[in-house]
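Structure at a glance
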Amino acid sequence: MKILAILGASGHGRVIADAALSSGLWQLIQFYDDAYPTLQCNGRFPVVGDSAALAASGLPTVVAIGDNVRRLEKQQWLQQAGLPIATVCHPSAVIACDVVLGDGCVVLAGAVINSGAQLGKACIINSRAVVEHDCELADAVHLSPAASLGGGCRLGTAVWVGIGAAVRHLITLEEFSIVGAGAAVVKPVLTRQIVAGVPAQLIKMNK
Ligand SMILES: CC(=O)SCCNC(=O)CCNC(=O)[C@H](O)C(C)(C)COP(=O)(O)OP(=O)(O)OC[C@H]1O[C@@H](n2cnc3c(N)ncnc32)[C@H](O)[C@@H]1OP(=O)(O)O
């Protein structure tokens, strides 16, 4: 029986668990969370230990932490501890055969990733998100549900694109920038800028 360990007993973690089981590649899910032993279950799934126990387990692991920077840091720590890092794709996701997915990426139900796209480590391509052809995503990017990137976009480390946002083709979103829910991005977004609206405008900086 193949066991998948998920670090982070969150709602996002349960979505990953469901995708992993649906894919048929794993038969059993074990959650790990630093709130263990106070926290013993995540929905119908057991929480069986904290991150130190996970590091010693040797199990294939995916990190289910929504915060982009923390997710990447935890994944790097687990990789240094020698754990194999899994990639989870829901069977309803459509992923072109030449797409490159880094370790620890999750591609959730109904997502589409088209030809020539390259994703770094620990990216979340959430439900029904679209990554068009030739996009380049650095590590720890999160495309929220139904967010869309036009062809040839470049996203830096830990960029977060909010739910339902659309990014015009060939746009660059620099590292640690955030695109608000429902935005339409038609101009480049600089490092740590938070943009929102239609068309998207700077609203504040991501400190
Ligand atoms: C499975 C999942 O759930 S994945 C996660 C899905 N969630 C998302 O996608 C959320 C994305 N986050 C957002 O859209 C957030 O509102 C952010 C990051 C853009 C801004 O959040 P905050 O820094 O907390 O900003 P805050 O709420 O204080 O708003 C600041 C101003 O921007 C406006 N604003 C905030 N978000 C948006 C938005 N998406 N579109 C337009 N205006 C916005 C606010 O109305 C406010 O305006 P005001 O100053 O005139 O009152």
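Residues numbered from 1 in each chain as written. Predicted model: local features only at pLDDT ≥ 70, side-chain atom pairs only at ≥ 80, totals over all residues.

**Examining the domain arrangement of the protein chain**
The criterion, for reference: Domain start and stop positions are those given by an automatic or database domain assignment. Our contact criterion uses C-beta atoms placed from the backbone: two residues qualify when those atoms are within 7 Å. Here a strand is any run of E in DSSP of at least two residues, a helix any run of H or I of at least four, and the numbering for each starts at the N terminus. As a working rule, the residues Ala, Val, Leu, Ile, Met, Phe, Trp, Tyr, Cys and Pro are called nonpolar, Asp, Glu, Lys and Arg charged, and the rest polar, with Gly in that last group.
According to the domain assignment, the protein chain consists of domain 1 (3-86) and domain 2 (89-195). Computed over C-alpha atoms, the centres of domain 1 and domain 2 are 22 Å apart. Counting residues at the interface gives 13 residues for domain 1 and 15 residues for domain 2. Elements with a contribution of two residues or more to the side of domain 1 that touches domain 2: α1 (11-23), β5 (61-63) and α3 (68-80). Per-class residue counts for the side of domain 1 that touches domain 2 are 8 nonpolar, 4 polar and 1 charged.

**Here's the deal with the site of the ligand**
Quick note on the threshold: What makes a residue near a molecule or strand is its C-beta atom, placed from the backbone, lying within 6 Å of it.
With respect to spatial proximity, 14 residues lie near the ligand, and among them G162, I163, G180, A181 and A196 are the closest. At the level of secondary structure, the elements contributing two or more residues to the shell around the ligand comprise β23 (193-196) and β24 (201-205). Among the residues forming the shell around the ligand, the class breakdown is 7 nonpolar, 6 polar and 1 charged.

**Examining α3**
Residues spaced three or four apart along an α-helix face the same direction, because each turn holds 3.6 residues. The condition that has to hold: Under the convention used throughout, the expected extent of a helix is 1.5 Å for every residue step, that is, one less than its residue count.
With 13 residues, α3 extends 19 Å from end C-alpha to end C-alpha; this agrees with the ideal 18 Å at 1.5 Å per step. In this structure, the buried side of α3 is in contact with β1 (3-7), α2 (51-57), β5, β15 (142-143) and β18 (160-161). Looking one or two residues past α3, G82 carries a phi angle of roughly 95 degrees, positive in sign.

**A closer look at the nonpolar core**
Operational definition: A set of buried Ala, Val, Leu, Ile, Met, Phe, Trp, Tyr and Cys residues, joined to one another through C-beta atoms within 7 Å, is what we call a nonpolar core. Each residue is classified by how many other C-beta atoms fall within 10 Å of its C-beta atom, where C-beta atoms are placed from the backbone; a count of 20 or more means buried, 12 or fewer means exposed, and values in between mean partly exposed.
One finds I6, I16, I125 and V179 to be the most contacted residues of the largest nonpolar core, which totals 70 residues. Ignoring any residue separated from it by four or fewer positions in sequence, one finds V179 in contact with V161, G162, A165, V167, L173, V185, V189, V195 and A200.

**Topic: the UniProt feature "binding site: substrate" (unreviewed entry) in the protein chain**
The test is simple: UniProt positions are given in the numbering used here, feature names are shortened, and annotations may be inferred rather than shown by experiment.
Under the local residue numbering, the UniProt record ascribes the feature "binding site: substrate" (unreviewed entry) to S10, G11, H12 and G66. In three dimensions, the annotated residues from a span of 57 residues occupy one location, with a maximal C-alpha spread of 9.7 Å. Along the chain, the position of G11 falls in helix α1. Note that G66 resides in the loop between β5 and α3. Ignoring any residue separated from it by four or fewer positions in sequence, one finds G66 in contact with S10 and H12.

**With respect to the pairing of β1**
Operational definition: Between any two strands, pairing holds if DSSP finds at least two bridges.
The buried fraction of β1 is high, at 4 of 5 residues. Judged from the 5 bridges that link them, β1 and strand β2 (residues 28-32) form a sheet pairing that is parallel. Within the sheet, the bridge partner assigned to A5 lies in β2 and is Q30. Here 3 bridges tie β1 to β5, and the two strands are oriented parallel to one another.

**A look at the sheet that holds strand β7 (residues 94-95)**
An order of β7-β10-β13-β16-β19-β22 is seen for the 6 strands of this open sheet, with the pairing classed as parallel. Only two strands of the sheet have a single neighbouring strand rather than two, namely β7 and β22 (184-185).

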